[in-house]
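One letter stands for each residue in the lines below.
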Amino acid sequence: MERTEKFKLHIKEGNTFKGDSIILGGAILDGQPLSDCNVCIPLKTLNRHGLIAGATGTGKTVTLQIIAENMAAKGIPVLMMDLKGDLSGIAVAGISNPKIEERHRLIGVPYNSVGNTVELMTLSKENGMRLRATVSEFGPVLFSKILELNDTQGGIVAVIFKFADDSNLPLLDLKDFKRLLQFITDEGKAEIEKNYGRISEASVGTIMRKVIELETQGAELFFGERSFEVSDLVRVDQNGRGIVSIVRLTDIQDKPKLFSTFMLQMLAEIYASFPEAGDLEKPKLCVFIDEAHLIFKEASKALLDQVEAIIKLIRSKGIGIFFCTQNPYDIPEDVLAQLGLKVQHALRAFTDKDRKAINKTAENYPISEFYKTEELLTSIGIGQALITALNEKGIPTPLAATHLRAPSSRMGVLNAEEIDRITAASLLSSKYNVEVDRQSAYEILEAKLNNAKAQTKEEEAEAPQPKPKSSVREEPSVIEKLSKNTMVRQVGNTVMREVARGLLGVLGLGGSTRRKKGLF
Ligand SMILES: Nc1ncnc2c1ncn2[C@@H]1O[C@H](COP(=O)(O)OP(=O)(O)O)[C@@H](O)[C@H]1O
Ligand SMILES: [Mg+2]
């Protein structure tokens with residue numbers, strides 16, 4: 001058989017799926033895109049996660065946009081982490097031009113121009129729906145991981161959460177947490193130690209320092225109410241297209257700690273709230289992280305372990321996560337090993353180290369008799385990539401150098417007016433952008449302690465004569481005073497949440513060892 005025919009058959013056999021799929025572009029043989037040989041990815045294995053890698057300017061972000069908008073077209077809701085502010089254009093229809101027409105003629109796929117229903121979200125004060133979470137929702141284990149605490153310090157955090165639960169003190173923001181941290185070594189010291197064991201002041205000092213560090217990254221904007229419900233990520237518009245939620249993160253690019261805090265919380269929350277799904281025809285939600293090296297760059301070992309654990313487990317909930325980064329080795333190897341779809345754009349070979357990385361990358365792709373992978377990795381053009389996905393049996397599809405289609409939405413950002421229009425139309429903004437001024441741990445403690453002081457003064461004034469010893473009624477303790485009459489709606493029992501999450505294995509060893517020691 002002629003080589004070209006053999007190649008087409010090879011790609012076609014590997015790209016014919018029983019279920020629905022997405023066309024990414026046309027296969028390339030000997031530098032030429034073929035107009036009758038589509039490269040596709042099946043919806044069924046999108047929960048097996050993916051990687052989009054390649055040098056700057058080779059088309060990673062555009063590929064992300066293509067995959068995301070085609071998922072949306074299939075009714076799959078999408079969540080995008082936009083670290084550079086490149087992704088908002090997905091909201092509006094793209095405009096064709098001769099280059100785009102030519103691209104589509106080459107791959108034999110008609111160009112269509114469509115925008116998406118978009119929700120713009122922010123962690124800080126950018127235009128858009130505010131994303132927030134309460135301290136209590138983090139739970140002691142995740143919160144300790146984020147602060148990079150050791151086991152002893154983590155134990156103290158667990159005590160604080162437990163005490164807050166026992167005393168009906170809602171832990172909403174960092175101010176609440178700091179107040180309790182102060183309380184346990186100050187007014188509440190004796191009581192806390194009686195009920196929960198000895199507390200090391202040095203450890204408390206360290207925790208305080210780390211909380212303040214997190215605050216200097218602007219975290220106080222993120223912690224608090226109204227906290228985000230992940231069910232709001234899973235929506236379709238009136239045309240049945242998945243709604244695309246874009247988290248605009250440009251203003252926290254230089255705050256990796258805040259970003260990884262948010263990411264972990266989001267993933268843990270998604271994990272905890274989505275039911276086991278088994279094998280679905282298509283995922284329930286796909287998450288894209290552009291410039292993913294930014295989360296991994298400064299992440300601690302504990303955090304990385306956490307990300308890895310969640311990525312492994314979240315798959316069975318029907319959630320797919322897609323990382324976009326320059327070098328595949330920006331992603332920790334254990335995470336990399338979990339990624340089913342691989343889209344590799346061109347790499348640049350300037351140094352010896354680059355060449356080694358290219359060889360290593362090539363080794364991670366299925367062997368193909370039609371390609372010299374190392375050579376292709378440095379020679380493919382912009383908007384071209386080497387692609388392999390997983391078929392329905394979980395086996396990698398044949399390696400296909402692919403001339404990608406162009407996005408149906410705009411390749412470029414929204415202008416200020418367009419952003420204003422979208423945020424004004426957002427239903428979620430009116431739900432989440434309200435200032436909730438609820439009494440939480442800080443206010444309640446302050447009020448109670450002031451009360452207790454006033455009461456003691458009054459009692460002293462009323463009874464200047466010391467009573468005979470035998471008739472002294474034992475004074476209610478500070479904690480008893482605190483828990484009395486404190487009928488506040490709890491944010492949810494943090495310890496119970498933690499057990500639920502921990503039992504499911506998301507929180508790994510940290511949670512279970514601590515439980516064994518009897519703190520829970
Ligand atoms: N599939 C594509 N179709 C059309 N143009 C593309 C495509 N991929 C990339 N391009 C062009 O290349 C430019 C750079 O792509 P981009 O995705 O921003 O690169 P990266 O994210 O890798 O830095 C885009 O602005 C666009 O002009
Ligand atoms: Mg990019």
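Structure shown above.
Fair warning: this is a prediction, and the values are worked out from it, not measured in the lab.

Moving on: the overall build of the chain. Each helix and strand in the chain was counted, giving 20 helices and twelve strands. In the chain, which comprises 520 residues, the share counted as buried stands at 54%. Nonlocal contacts in the chain, meaning residues at least 24 apart in sequence, comprise 78% of its contacts between residues at least 6 apart.

How two helices pack is summed up by the angle between their axes together with the distance between the axes. Relative to each other, helix H9 (residues 256-273) and helix H11 (residues 301-314) sit at 30 degrees, their axes nearing to 10 Å. One element, H9, and the other, H11, form an angle in the roughly parallel class. The chirality of how H9 crosses H11 is left-handed. Between H9 and H11, the contacting residues are Ser-260, Leu-264, Leu-267, Ala-268, Ile-270 and Tyr-271 on the first element and Leu-303, Gln-306, Val-307, Ile-310, Leu-313 and Ile-314 on the second.

With omega at 0 degrees, the peptide bond leading from Glu-225 into Arg-226 counts as cis. Note that Arg-226 resides in the loop between helix H8 (201-216) and strand E7 (244-248). Phi is positive for His-49, close to 65 degrees, though the residue is something other than glycine. Summarising the element assignment, His-49 is placed in the loop between strand E2 (32-42) and strand E3 (50-53). One non-glycine residue, Glu-148, lies in positive phi territory at about 55 degrees. Mapped onto the fold, Glu-148 is located in the loop between helix H4 (135-146) and helix H5 (151-166).

Neither face of strand E10 (residues 341-344) is open: one carries Leu-341 and Val-343, the other Lys-342 and Gln-344, and all of them are buried. By the bridge criterion, four bridges tie E3 to E10 in an arrangement that is parallel. Counterpart to Ala-53 in the pairing with E10 is Gln-344. With three bridges connecting them, E10 and strand E11 (residues 384-388) associate as antiparallel partners. Counted as the bridge partner of Val-343 is Ile-387 from E11.

Next up on the list: H11. With 14 residues, H11 extends 20 Å between its outermost C-alpha atoms, agreeing within 8% with the 20 Å of an ideal straight helix rising 1.5 Å per residue. Residues of H11 that are buried include every one of Leu-303, Gln-306, Val-307, Glu-308, Ile-310, Ile-311 and Ile-314, and no others. The inward-facing, buried residues of H11 abut H4, H9, helix H10 (293-297), strand E9 (319-325) and helix H12 (333-336).

Let's shift gears to empty space enclosed by the protein. A complete count under the given rule lists five cavities of 30 Å³ or more for this structure. Taken as a whole, the largest cavity spans an internal volume of roughly 90 Å³. What lines the largest cavity is simply Leu-131, Arg-132, Ala-133, Glu-137, Phe-222, Ser-227, Phe-228, Val-230, Phe-262, Gln-265, Met-266 and Glu-269. It is H9 that contributes the most residues to the lining of the largest cavity, four residues altogether. When grouped by side-chain class, the residues that make up the lining of the largest cavity number seven nonpolar, two polar and three charged. Reported here for the second largest cavity is a volume of approximately 70 Å³.

The next point concerns the environment of Pro-275. Looking at the secondary structure, you find Pro-275 in the loop between H9 and strand E8 (285-289). Each C-alpha atom of the pair Pro-275 and Ser-316 lies 8.8 Å from the other, and the pair is 41 residues apart in sequence. Filtering out sequence-adjacent residues up to four positions away, Pro-275 remains in contact with Lys-284 and Lys-317.

Time to look at the site of ligand 1. Of all residues adjacent to ligand 1, which total 16 residues, the nearest are Gly-57, Lys-60, Thr-61, Val-62 and Arg-405. The backbone of Gly-59 places a nitrogen or oxygen atom 3.1 Å from an oxygen atom of ligand 1. Here a nitrogen atom of ligand 1 and a backbone polar atom of Arg-405 are 2.9 Å apart. When ligand 1 is considered free in solution it has 560 Å² of accessible area, and contact with the protein chains removes 73% of it. It is helix H2 (residues 60-73) that provides the largest number of residues to the shell around ligand 1, a total of four residues. Per-class residue counts for the shell around ligand 1 are seven nonpolar, six polar and three charged.

Turning next to the nonpolar core. Phe-177 and Phe-323 are the most contacted members of the largest nonpolar core, which has 84 residues in total. Broken down by element, this core gets its largest block of residues, ten residues, from H9. Each of two domains, domain 1 (7-131 + 225-432) and domain 2 (135-223 + 439-456 + 474-516), supplies a minimum of three residues to this core. Those residues within four positions of Phe-177 in sequence are excluded, and the remaining contacts are Val-135, Phe-143, Val-157, Ile-160, Phe-161, Leu-171, Ile-207 and Val-211. By size, the runner-up hydrophobic cluster in this structure holds 58 residues, among which are Ala-27, Ile-52, Phe-322 and Ala-401.

What counts and what doesn't
- Residues numbered from 1 in each chain as written.
- Chains lettered and ligands numbered in written order.
- Predicted model: local features only at pLDDT ≥ 70, side-chain atom pairs only at ≥ 80, totals over all residues.
- Heavy atoms only, no water.
- Helix = DSSP H or I, 4+ residues; strand = E, 2+ residues; numbered from the N terminus.
- Buried < 20%, exposed > 50% of the residue type's maximum accessible area, 1.4 Å probe, protein only.
- Contact = heavy atoms within 4.5 Å.
- Axes fitted to C-alpha atoms, helices over the stretch in contact; angles between N-to-C directions.
- Parallel < 35°, antiparallel > 145°, perpendicular 65-115°, else oblique.
- Left-handed = near helix turned anticlockwise from the far one by under 90°.
- Pairing = 2+ DSSP bridges.
- Expected span 1.5 Å × (residues − 1).
- 1 Å grid on protein atoms, 1.4 Å probe; cavity = no way out; pocket = protein on both sides within 12 Å on 5 of 7 lines; lining within 4 Å.
- Points joined across faces, edges and corners; volume = space filled by probe spheres on them.
- Nonpolar A, V, L, I, M, F, W, Y, C, P; charged D, E, K, R; others polar.
- Near = heavy atom within 4 Å.
- Polar contact = N/O pair within 3.5 Å; in protein donor to acceptor, adjacent residues only side chain to side chain.
- Areas by Shrake-Rupley, 256 points an atom, 1.4 Å probe, with all protein chains shown as cover.
- Core = buried A, V, L, I, M, F, W, Y, C linked by side-chain atoms within 4.5 Å.
- Domains from an automatic or database assignment.

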